[in-house]
Amino acid sequence: MKRLLLAFAIAGASLVTLNSCTKEYITNNFVPSQTMIYERVFGDWKRESSNRLYVELSVKELNAYYMDQGIVTLAMSQDGEKSYDAIPATIDGISYSFNYKLGSVRVYLEDPIMDNGVTISPPDKVFFKVSLTDADWVE
């Protein structure tokens, strides 16, 4: 009888030990993505040369966190926000690109041939969509 009780005790202890579970909590400490839309018109563009213009977008959300490890993307719409083109791109023979720094994004438009003597004009009205996205930093 003692053997039978011992066997039940060992089996019970094993069952309790093997069936105990540990809860694991995974916390994602990330900054959510942010998107801002800016409208610019013909007169907002500044001319650097006959074939290169730029417009400045003040993006106060573009802070040190996004400079260090975030992702900055830009898209533009010339049809009243019905569709967007990702930048950089060449659209209707004009090359669009951008760069950014703390607090601002600068959008460039230029003649991709650069030396053909053509003076380019900016669009009458354009919408820019700036998206700031969180990213993991891997060393």
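Details of the structure are given in the entry above.
Residues numbered from 1 in each chain as written. Predicted model: local features only at pLDDT ≥ 70, side-chain atom pairs only at ≥ 80, totals over all residues. Heavy atoms only, no water.

Caption draft 1: Here's a closer look at the side chain of N51. Structurally, the position occupied by N51 is in the loop between β2 (46-49) and β3 (52-58). Side-chain polar atoms of N51 contact the side chain of S49, separated by 2.9 Å. (Helix = DSSP H or I, 4+ residues; strand = E, 2+ residues; numbered from the N terminus. Polar contact = N/O pair within 3.5 Å; in protein donor to acceptor, adjacent residues only side chain to side chain.)

Caption draft 2: Local environment of the nonpolar core. In this structure, W45, L57, V59, V107, F128, V130 and L132 are the most contacted members of the largest nonpolar core, which totals 24 residues. Mapped onto this core, the elements with two or more residues apiece are β1 (34-41), β3, β4 (71-77), β7 (94-101), β8 (104-110) and β9 (125-133). For this core, the leading source of residues is β9, giving 4 residues. What W45 contacts, discounting residues up to four positions off in sequence, is L53, Y54, V55, V107, L109, P122, P123, V126 and F128. (Core = buried A, V, L, I, M, F, W, Y, C linked by side-chain atoms within 4.5 Å. Buried < 20%, exposed > 50% of the residue type's maximum accessible area, 1.4 Å probe, protein only. Contact = heavy atoms within 4.5 Å.)

Caption draft 3: Just the pairing of β4, in detail. The element β4 is largely enclosed, with a buried count of 5 among its 7 residues. Across 7 bridges, the pairing between β4 and β9 is antiparallel. Bridging from a neighbouring strand, S77 pairs with F127 of β9. Taken together, the 3 bridges between β4 and strand β5 (residues 85-87) define a ladder with antiparallel strand orientation. Residue A75 lies in a different strand from β5, and its bridge partner there is A86. (Pairing = 2+ DSSP bridges.)

Caption draft 4: How the structure looks around the environment of Y66. Counting through the fold element by element, Y66 comes out in helix α2 (residues 64-69). The buried category is assigned to Y66, whose relative accessible area is 1%. Through-space distance from the C-alpha of Y66 to that of L102 is 8.7 Å; in sequence the pair is 36 residues apart.

Caption draft 5: View of the sheet that holds strand β6 (residues 89-91). Taken together, 5 strands build an open sheet; the order of strands is β2-β3-β8-β7-β6 and the sheet is antiparallel. Where the open sheet ends on each side, the last strands, each with one partner, are β2 and β6. Each strand of the sheet is rotated relative to its neighbour by a mean of 30°, with strand direction disregarded. Where β2 lies against β3, 3 bridges are found, and the strand directions are antiparallel. The partner of S49 across the bridge, within β3, is R52. (Axes fitted to C-alpha atoms, helices over the stretch in contact; angles between N-to-C directions.)

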